[in-house]
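# Descriptive structure summary
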Amino acid sequence: QKEVEQNSGPLSVPEGAIASLNCTYSDRGSQSFFWYRQYSGKSPELIMSIYSNGDKEDGRFTAQLNKASQYVSLLIRDSQPSDSATYLCAVNQGGGSYIPTFGRGTSLIVHP
Amino acid sequence: SAVISQKPSRDICQRGTSLTIQCQVDSQVTMMFWYRQQPGQSLTLIATANQGSEATYESGFVIDKFPISRPNLTFSTLTVSNLSPEDSSIYLCSVERGTSTDTQYFGPGTRLTVL
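Described in the following lines is the structure provided in the data block. (Residues numbered from 1 in each chain as written. Chains lettered and ligands numbered in written order. Predicted model: local features only at pLDDT ≥ 70, side-chain atom pairs only at ≥ 80, totals over all residues. Heavy atoms only, no water.)

Helix and strand counts for chain A stand at zero helices and eleven strands. In sequence order, chain A lays out its α and β elements as β-β-β-β-β-β-β-β-β-β-β. Over its C-alpha trace chain A gives a radius of gyration of 13 Å, about what one expects of a compact globule, namely 13 Å for 112 residues. For chain A, the spread of C-alpha atoms along the principal axes amounts to about 45 × 30 × 20 Å. Sorting the 112 residues of chain A into buried and exposed places 43% on the buried side. A separation of at least 24 residues holds for 54% of the contacts in chain A among residues at least 6 apart in sequence. In the structure as shown, chain A presents an accessible area of about 5300 Å², 46% of it carried by carbon and sulfur atoms. Positive and negative side-chain charges in chain A, numbering 9 and 10 respectively, have mean positions lying 5 Å apart. (Helix = DSSP H or I, 4+ residues; strand = E, 2+ residues; numbered from the N terminus. Rg over C-alpha atoms; globule rule 2.2 N^0.38 Å. Buried < 20%, exposed > 50% of the residue type's maximum accessible area, 1.4 Å probe, protein only. Contact = heavy atoms within 4.5 Å. Areas by Shrake-Rupley, 256 points an atom, 1.4 Å probe, with all protein chains shown as cover. Lys, Arg positive; Asp, Glu negative; His and termini not counted. Charge placed at Lys NZ, Arg CZ, Asp CG, Glu CD.)

Let us now look at the nonpolar core. Residues B:Ile4, B:Trp34, B:Ile46, B:Leu78 and B:Tyr91 are the most contacted members of the largest nonpolar core, which totals 26 residues. Within the residue set of this core, elements represented by two or more residues are strand E3 (19–25), strand E4 (31–37), strand E5 (43–50), strand E8 (75–80), strand E9 (89–96) and strand E11 (110–114) of chain B. Element by element, the count of residues in this core is highest for E3(B), at four residues. Ignoring any residue separated from it by four or fewer positions in sequence, one finds B:Leu78 in contact with B:Leu19, B:Thr20, B:Ile21, B:Trp34, B:Ile46, B:Phe66, B:Pro67, B:Ile68 and B:Tyr91. By size, the runner-up hydrophobic cluster in this structure holds 23 residues, among which are A:Val13, A:Cys23, A:Leu74 and A:Val91. (Core = buried A, V, L, I, M, F, W, Y, C linked by side-chain atoms within 4.5 Å.)

Scanning all chains against the criterion turns up two disulfides over all chains. The side chain of A:Cys23 participates in a disulfide bridge whose partner is A:Cys89; the two sulfur atoms lie 2.1 Å from each other. Disulfide A:Cys23-A:Cys89: torsion about the S-S bond near -75°, hence left-handed. Of the two residues, A:Cys23 is situated in strand E3 (residues 19–25) and A:Cys89 in strand E9 (residues 85–92); the sequence distance between them amounts to 66 residues. Its relative accessible area of 0% is what places A:Cys23 among the buried residues. Across a sulfur-sulfur distance of 2.0 Å, B:Cys23 and B:Cys93 are joined as a disulfide pair. Across the disulfide from B:Cys23 to B:Cys93, rotation about the S-S bond amounts to roughly 65°, and the bridge is consequently right-handed. Of the two residues, B:Cys23 sits in strand E3 while B:Cys93 sits in strand E9, which places them 70 residues apart along the sequence. (Disulfide = S-S within 2.5 Å.)

Here it is as structure tokens:
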């Protein structure tokens, strides 16, 4: 059974701080890793994808992947109240599979 | 990314009736997916809609309850049959897109409430 674990939160950070969201996964053969943002009442929106160990930066977002530890994280720098949402981690085994396993999501609250 | 539309955006239905949800994509895609997201929960895959063949259902989901059509490469429907309050949920269609073809993009969702 493939599992993707996230702390449900809420994670509360002050505006301007760094928010750190974490995700662990059980399938050691996983190849692709995604972070989605989901505002209340809306559908998930892709933020980042990462495939190799290390860091990948896109604007204020940095995804970090450590396959040996089966761990992927998302850092949000200079957090804004508009970043308040649920962040879903998704992991895909790859090898032609198009179907990721989603975590339950971490609720992030950025307070002014 | 992909532009995906769903209809209806929300509906309130009576127990025992059915609801058909439509999903339209702005360009041809090989695979379309239907998910359910119950309140406070993550996404659960219902089935993969394949053009020209039967949908592939995940464990716990059956064709009689969730019939799916995929008449072409830009359109799919999901019907939720014999509705019960437990079917109240958000239903999302998604498509795979990306350089590695394993990135999924979601439609806006259909919020279903069953009374």
